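Inside the fold
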Amino acid sequence: MCIYSSLFQAFKLCSTGEDGFNLSYESLTSEKAMKALSEWMKNSKDFTDTLSRVGPIGVEEEEEEVTGDGSEKAIEYDEIDSSKTVEEEIADLMAGGAVNDLEEDEVCVGTNLEQYIGYEFSSQTATNSWMKWDTKGSH
Amino acid sequence: MGIITSKAPEMYKVTVIRKVHGKYVWDHFHCRDSFVRNFVKKEMKWSFRRTTCPGKKTPENIEEILTDSFLRFVWTISNFKVLAVFVVNSDQTLIYYTAGAEETYAATGSKQVEVVGKDERRGFTLMVGVSMSGEVLPFQAIYSGKSPASLPTSAAPGYSKATEDLKFHFEYSRTDNHWSTIETMKSYVTNILAPYFQSHRERLNLPNQICIWQIDCWSVHRSLEFRSWMKANYSWIRIHFVPANCTGLFQPCDVGIQRVLKLAVRRSALSNIVNHTMDQLNQGILPSQITFEKWLPVVRNRSVQWLVNGYEAINNEEIVQKVVYLM
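Keep in mind the model is a prediction, meaning the values are calculated, not measured. (Residues numbered from 1 in each chain as written. Chains lettered and ligands numbered in written order. Predicted model: local features only at pLDDT ≥ 70, side-chain atom pairs only at ≥ 80, totals over all residues.)

1. Topic: the environment of arginine 222 of chain B
- Looking at where arginine 222 of chain B falls in the secondary structure, it is placed in helix H6 (residues 219–222).
- Arginine 222 of chain B sits in the buried class, given 20 other C-beta atoms within 10 Å. (Helix = DSSP H or I, 4+ residues; strand = E, 2+ residues; numbered from the N terminus. Buried ≥ 20, exposed ≤ 12 C-beta atoms within 10 Å, placed from the backbone.)

2. Remarks on helix H9 (residues 252–282) of chain B
All names here are of chain B.
- Compared with an ideal rise of 1.5 Å per residue, which puts 31 residues at 45 Å, H9 spans 44 Å between its outermost C-alpha atoms and is within 8% of the ideal.
- Within H9, the axis deviates most sharply at glutamine 258, by approximately 45 degrees.
- Backbone geometry just after H9 places glycine 284 at a positive phi near 95 degrees. (Expected span 1.5 Å × (residues − 1). Bend = angle between axes of the 7 residues up to and from the residue.)

3. A look at the pairing of strand S9 (residues 211–215) of chain B
All names here are of chain B.
- Burial within S9 is extensive, with five of its five residues counted as buried.
- Of the two faces of S9, the one holding Cys211, Trp213 and Ile215 and the one holding Ile212 and Gln214 are both buried throughout.
- By the bridge criterion, three bridges tie strand S4 (residues 87–96) to S9 in an arrangement that is parallel. When the sheet's bridge partners are listed, asparagine 89 is paired in S9 with glutamine 214.
- Of the pairings in the sheet, the one linking S9 to strand S10 (residues 237–241) comprises five bridges and is parallel in character. Within S10, the residue paired with glutamine 214 across the bridge is histidine 240. (Pairing = 2+ DSSP bridges.)

4. Comments concerning the pairing of S4 of chain B
Residues and elements named next belong to chain B.
- Burial analysis of S4 places eight of its 10 residues in the buried class, which makes it a mostly covered element.
- Here S4 runs beside strand S6 (residues 123–131); their pairing, made up of nine bridges, is antiparallel. For isoleucine 95, the partnering residue across the bridge sits in S6 and is phenylalanine 124.

5. A look at the confidence of the model for chain B
Residues and elements named next belong to chain B.
- On average, chain B scores 81 in pLDDT, and the residues at 70 or more come to 79%.
- Within the model, the stretch residues 111–120 combines pLDDT values under 50 with 12 contacts to residues more than four positions away or in other chains.
- Within the model, the stretch residues 318–327 combines pLDDT values under 50 with 22 contacts to residues more than four positions away or in other chains.
- The complex prediction reports pTM at 0.71, with the ipTM value standing at 0.75. (pLDDT = per-residue confidence, 0-100. Contact = placed C-beta atoms within 7 Å.)

Next up, the structure:
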């Protein structure tokens, strides 16, 4: 069974951490998860006691109150780059989460790059060639 | 972008090199947010300001909390033989009419930051739901107002597709803001969530199937009134709460869906703005005199197409190459 969907990926990215469990259906129904459940139930009476109740399940802890007017707080850049295409965003998601590889200083706008267009900057060697060029520029 | 497109389109032909996933690739210039930030910072000595609130702290025993939550899922799924189609995560998100209205630029060092057009910081709440089997549930969009006059009209671009094909629900909040309320939550369950589950119960001939609904710990969700209502009317839908302050880690909509959705919505909104700007420039209006459409009925109507585009972005058939019901 081969599934390629950003929706499945969204569930898969919800990981418990080192145990390697996540909210994908495969993980939730895995033998490993069943074993872990069994162990957890043995070790935590509170957990076991709350399982079969009818009410909602989960940690019913209050969300932390957010305070302050926020007018002069540390600046947090908007994580959504509107010039990025949806396809690029989905590709990042499928690659394992939101990735922002584009650093400001890594964008090089120039007019003198044409000299490097050609075999030297084929799609396969563009990285090396550009980095070589970039090194020269910095000296 | 509208001004560049109209006055200096050659900018888009300038060659640039970008780093993507660790590799350098050729590209043409795009007016990326990072470029704008860089430009206003270096050329205009402005810094980026946002009226934001401090982030929430992740609990110290996060792994234990998430494992606990995970195992509760495992228990419910195994105990009631719950199939993936019967597990849904829903989450609310805010959509602003004016893209970037919560942000502005100000001279570095300035103390008072006035957000231009703050009065226009209007938007609506969008309830998004996705199933573990890879389905996107119809959207519920909640607009501020006390009558149907506060909703997009049938003349809105994309309205027919939104309401008839995709079964979106447009609702007014019955309050002065666009926040979701217990009434809109009940409506979501009655008109979107329960029918979704019910259709699969019928399809699979599982009339008594227990279903799982994962939502965050928002006070309305946790309220006795809402829980009592759920218990009385939909006792077969078991609620699993996302652990507090863990929505960015353990809420699928938050982790992987909203970002794509919001990007698609924002690009649609920006497209409207760019087109409107170019129309004005083409009419001979000076760049300094350009205005943005802020009339609520207009932007509200535009939002329908944004949502259609957003829905299609997260439900992209090219991406979903093979949707299989996990049974």
